[in-house]
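Given next are the chains, with one letter for each unit.
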Amino acid sequence: MLRIAETLESQLRAAMERAFPDAAAAARQAGPGLDPQLAPASKPEFGDFQANGALPLAKPLGQPPRKIAEAVVEQLKADPAFNALCQDPQIAGPGFINLTLKPERLAAEVQVRLGDQRLGVPAVEQGAPVVVDFSSPNIAKEMHVGHLRSTIIGDSLARVLEFRGHPVLRLNHVGDWGTQFGMLITHLKQVAPEALNTADAVDLGDLVAFYRQAKQRFDEDETFQTTSREEVVKLQGGDPVSLKAWGLLCDQSRREFQKIYDRLDIRLSERGESFYNPYLERVVADLDAAGLLVVDDGARCVFLEGVSGKDGKPLPVIVQKSDGGFNYATTDLAAIRYRFGADPEGDAARRVIYVTDAGQANHFAGVFQVARRAGWVPEDGRLEHVPFGLVQGEDGKKLKTRAGDTVRLRDLLDEAVERAEADLRRRLEEEGRSEDEAFIQQVATTVGLAAVKYADLSQNRITNYQFSFDRMLALQGNTAPYLLYAVVRIAGIARKGGDLEAVASAGSEPLRFAEPQEWALVRELLKFDAVIAEVEEELLPNRLCTYLFELSQVFNRFYDQVSVLKAEEPARSSRLALCRLTADTLKLGLGLLGIPTLERM
Ligand code: ARG
């Protein structure tokens, strides 16, 4: 109902200006003018919206706010366009104006959405590129549940932004550069040289083990350390043998990552840390030219403003180590410079979003500050870290296998699908249904993967989240199966003879609603556009989940309490229209979470 809210807001503002011309003129001189403070009603019994703008005027006007509200209402009632939209406004409490839309306007709005594939969500015209930097696992290391969270959340944010019409760059900033390769190559040369010149000589599992051994040697053995460092310098200097080995190692990991992305239907463009190698020197030069660079103990760094360590001294962001090497922060600075850069070599983005665990909050805060001070972020450029909490086991501790190892993503997804399959087989037996294997496999895969994604997305991402197969696969509660089931229920109405398609095209007959359950569903359906706008702004997919869950609940109440197929016309068509719009909204909404729906389950 964003469009309606905008109309109402300008009608209210005009009414305020007519009621209090002097105050309006003063407010316009001091800023944007009088603010009606329009918001969705806090309770359904207050109507659809409330306007609280009378309250802050009480002091400057020297009048009780209720009196101010009365004067505004009087002006509103003199506006024919307002009267066509709303019922008589009510004044409540100290001076809130409660507004209730006319039923026929609400019904007409539903009708408009039935014929609109975007379900009332406007598309931005030619938006500037938005970078979503997500997933971003590290080569030669296993992708872990933290990366899974980043992948799922980042994908959903990218989908919402794409749906709004922004050109989105989905960037996989894989960790493919730096000391880990020095260690790994040095170690492999000694223990498995074939891995350095033959594709597929080792698999990712081996590679991860080799990496662990290499890391241990690096921590314990000084000679190994020196050789590893030399190896990194060789690689970063473009030595062909090192580069070949590096390429093979990257390919190996990449293929493994891709399997996960394919399973989850996630699209990403890889642009790893190594991509920024040619730009690192320029980062240092730019910072130097801006007068930000300080040499501290041989390292080149930028001291942060307003951030100090335990000793009270300002904290540095190190951009070049004393041995000349660059680090994670330098790469991120080069990436920011490149992503906002308007030159042919840049992305010309206006919004750059990073989806990583909250543990990296300080890293990003520091890097963002340095980038802003260096002048790389345009005035209207937005640089946002989207942090998320840890994934925990049901015991509240870090998620581990029973044997105490880190959980492999492949195993985790397999288990979700296996459990979904077991649940389904049980249900089929209870209901005495028989279905073929293809159906069972398809439903189990869809439900299992949907459950994993939804469980992650439906939490407020900032908090830690407890991973529980039982909870995420439950048919009741705020879960994927519950939402998928609502879609299936509506598809069932169509199978039982309710022609949902026809309802949508028959736009001529106005829809008619009488029951409170119908109105509740109408109002819930019309919130969709505002929810999308909120997710786009605040980057919180759980808002969309909560909405879809509430919509399903309101729908189920409606469907349980009001007859649809057996109703008389015109109620029957009007109710079918609500079913149809509910299904469309759930499908689109779940699609934006990266979750496909089913017709039967
Ligand atoms: N590779 C990093 C990790 O595994 C995440 C990278 C996030 N993106 C970035 N531009 N720093 O923690």
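So, here is what we can say about the structure in this document. (Residues numbered from 1 in each chain as written. Predicted model: local features only at pLDDT ≥ 70, side-chain atom pairs only at ≥ 80, totals over all residues. Heavy atoms only, no water.)

## With respect to the overall build of the protein chain
Phase 1 of the analysis: The helix and strand tally for the protein chain stands at 23 helices and 14 strands.
Phase 2 of the analysis: With the principal axes as the frame, the protein chain shows a C-alpha extent of 85 × 70 × 45 Å.
Phase 3 of the analysis: A total of 601 residues make up the protein chain; the buried ones form 50% of that total.
Phase 4 of the analysis: Residue pairs at least 24 apart in sequence account for 72% of intrachain contacts in the protein chain once pairs closer than 6 positions are excluded. (Helix = DSSP H or I, 4+ residues; strand = E, 2+ residues; numbered from the N terminus. Buried < 20%, exposed > 50% of the residue type's maximum accessible area, 1.4 Å probe, protein only. Contact = heavy atoms within 4.5 Å.)

## Points about the layout of surface pockets
Phase 1 of the analysis: Of the volumes computed, that of the second largest pocket is approximately 910 Å³.
Phase 2 of the analysis: Lining the second largest pocket are 29 residues, with Met-1, Pro-40, Ala-41, Asp-48 and Lys-527 positioned closest to its centre.
Phase 3 of the analysis: Looking at the lining of the second largest pocket, the elements with two or more residues in it are α1 (2-19), β1 (38-40), α20 (516-525), α21 (528-538) and α22 (541-561).
Phase 4 of the analysis: For the lining of the second largest pocket, the element with the most residues is α22, which contributes five residues.
Phase 5 of the analysis: Partitioning the lining of the second largest pocket into residue classes produces 15 nonpolar, three polar and 11 charged. (1 Å grid on protein atoms, 1.4 Å probe; cavity = no way out; pocket = protein on both sides within 12 Å on 5 of 7 lines; lining within 4 Å. Points joined across faces, edges and corners; volume = space filled by probe spheres on them. Nonpolar A, V, L, I, M, F, W, Y, C, P; charged D, E, K, R; others polar.)

## Some remarks on the packing of aromatic side chains
Phase 1 of the analysis: Tallied over the full model, the rule gives 16 aromatic pairs.
Phase 2 of the analysis: Residues Trp-177 and Trp-246 carry aromatic rings whose centres are separated by 5.2 Å and whose planes lie at 70 degrees to one another, so their mutual orientation is edge-to-face. Separated by 69 residues along the polypeptide, Trp-177 in the loop between β6 (168-172) and α8 (179-191) and Trp-246 in helix α11 (residues 240-264) bring together distant segments of the chain. For the pair formed by Trp-177 and Trp-246, the shared burial category is buried.
Phase 3 of the analysis: Between Phe-275 and Tyr-276, the aromatic rings sit 5.0 Å apart at their centres with planes inclined by 80 degrees, giving edge-to-face as the arrangement.
Phase 4 of the analysis: Given a relative accessible area of 30%, Phe-275 falls into the partly exposed group.
Phase 5 of the analysis: When its relative accessible area of 0% is taken as the criterion, Tyr-276 is described as buried.
Phase 6 of the analysis: One aromatic cluster is present, formed by Phe-275, Tyr-276, Tyr-279 and Tyr-338 through successive ring pairs.
Phase 7 of the analysis: The aromatic ring of Phe-163 is capped on one face by Arg-118, whose charged end is 4.2 Å from the ring centroid.
Phase 8 of the analysis: For Arg-271, the ring lying beneath its charged end belongs to Phe-275, and the centroid distance is 4.9 Å. (Phe/Tyr/Trp six-rings, centres within 6.5 Å; stacked < 30°, edge-to-face > 60°. Lys NZ or Arg CZ within 6 Å of the ring centre and 35° of its normal.)

## Concerning the sheet that holds strand β5 (residues 130-133)
Phase 1 of the analysis: With parallel pairing, five strands are arranged side by side in an open sheet as β7-β6-β5-β11-β12. Two strands lie at the open edges of the sheet, namely β7 (269-270) and β12 (382-388), each paired on one side alone.
Phase 2 of the analysis: Across seven bridges, strand β11 (residues 351-357) lies against β12 in parallel orientation. Counted as the bridge partner of Val-352 is Leu-383 from β12.
Phase 3 of the analysis: Helix α13 (residues 328-340) rests against β5, β6, β11 and β12 of the sheet, and its axis sits at about 150 degrees to β11. (Pairing = 2+ DSSP bridges. Axes fitted to C-alpha atoms, helices over the stretch in contact; angles between N-to-C directions.)

## As for helix α4 (residues 65-77)
Phase 1 of the analysis: Across its 13 residues, α4 extends 18 Å between first and last C-alpha, which sits within 8% of the 18 Å expected from 1.5 Å per residue.
Phase 2 of the analysis: The complete set of buried residues in α4 reads Ile-68, Ala-69, Val-72, Val-73 and Leu-76. Relative to the axis of α4, the buried residues are bounded by an arc of 135 degrees and lie together on one face.
Phase 3 of the analysis: Buried-residue contacts for α4 involve α1, α3 (58-61), α5 (80-85), β3 (90-92) and β4 (96-99). (Expected span 1.5 Å × (residues − 1). Arc of directions from axis to C-beta.)

## Structural notes on empty space enclosed by the protein
Empty space among the atoms can be located by rolling a probe the size of a water molecule over them.
Phase 1 of the analysis: Evaluation of the coordinates by the stated rule reveals two cavities of 30 Å³ or more.
Phase 2 of the analysis: By volume, the largest cavity is sized at about 50 Å³.
Phase 3 of the analysis: The wall of the largest cavity is formed by Ala-195, Thr-198, Ala-199, Asp-200, Ala-201, Val-202, Leu-207, Leu-248, Leu-249 and Gln-252.
Phase 4 of the analysis: Per element, the largest residue contribution to the lining of the largest cavity is three residues, and it comes from α11.
Phase 5 of the analysis: In terms of residue class, the lining of the largest cavity is built from seven nonpolar, two polar and one charged.
Phase 6 of the analysis: Secondary-structure elements contributing two or more residues to the lining of the second largest cavity are α7 (145-163) and α16 (437-457).
Phase 7 of the analysis: Of the residues forming the lining of the second largest cavity, the biggest block, four residues, is contributed by α7.
Phase 8 of the analysis: Among the residues forming the lining of the second largest cavity, the class breakdown is seven nonpolar, no polar and two charged.

## What to know about the site of the ligand
Phase 1 of the analysis: The environment of the ligand is formed by Asp-133, Ser-136, Asn-138, His-147, His-173, Tyr-328, Asp-332, Tyr-354, Thr-356, Gln-360 and Phe-364.
Phase 2 of the analysis: Within the contact set of the ligand, a nitrogen atom lies 2.8 Å away from a side-chain nitrogen or oxygen of Asn-138.
Phase 3 of the analysis: When isolated, the ligand has an accessible area of 350 Å², and the protein chains bury 89% of it.
Phase 4 of the analysis: Contributing elements (two or more residues each) for the shell around the ligand: α13 and β11.
Phase 5 of the analysis: Here the shell around the ligand is built from residues that sort into three nonpolar, six polar and two charged. (Near = heavy atom within 4 Å. Polar contact = N/O pair within 3.5 Å; in protein donor to acceptor, adjacent residues only side chain to side chain. Areas by Shrake-Rupley, 256 points an atom, 1.4 Å probe, with all protein chains shown as cover.)

## Observations regarding the sheet that holds β3
Across a sheet, strands are paired by hydrogen bonds formed along the backbone, either parallel or antiparallel in direction.
Phase 1 of the analysis: On the basis of which strands lie adjacent, the open sheet formed by four strands has the order β1-β2-β4-β3 and antiparallel pairing. Both outer strands of the open sheet, β1 and β3, are each paired with one neighbouring strand and no more. Averaged over all neighbouring strand pairs, the angle between strand axes comes to 30 degrees, with direction disregarded.
Phase 2 of the analysis: Pairing geometry for β3 and β4, over three bridges, is antiparallel. In the strand pairing of β4, Gln-90 is matched with Asn-98.
Phase 3 of the analysis: Each of β3 and β4 touches α4; the most contacted strand, β3, lies at about 165 degrees to it.

## Remarks on the side chain of His-173
Phase 1 of the analysis: Looking at the element boundaries, His-173 is found in the loop between β6 and α8.
Phase 2 of the analysis: Among the polar contacts listed, one links the side chain of His-173 to the side chain of Arg-339, at a separation of 3.4 Å.
Phase 3 of the analysis: For His-173, the residues in contact, after removing those within four places along its chain, are Asp-133, Phe-134, Ser-136, Arg-271, Gly-272, Glu-273, Tyr-276, Thr-331, Asp-332, Ala-335 and Arg-339.

## Side note on the environment of Arg-572
Phase 1 of the analysis: Here Arg-572 is to be found in helix α23 (residues 571-592).
Phase 2 of the analysis: A residue is classified by how much of its surface remains accessible, and Arg-572, at 23% relative accessible area, is partly exposed.
Phase 3 of the analysis: Spatially, the C-alpha atom of Arg-572 lies 64 Å from that of Ala-199, the residues being 373 residues apart in sequence.
Phase 4 of the analysis: A polar side-chain atom of Arg-572 sits 2.9 Å from the main-chain carbonyl oxygen of Leu-565.

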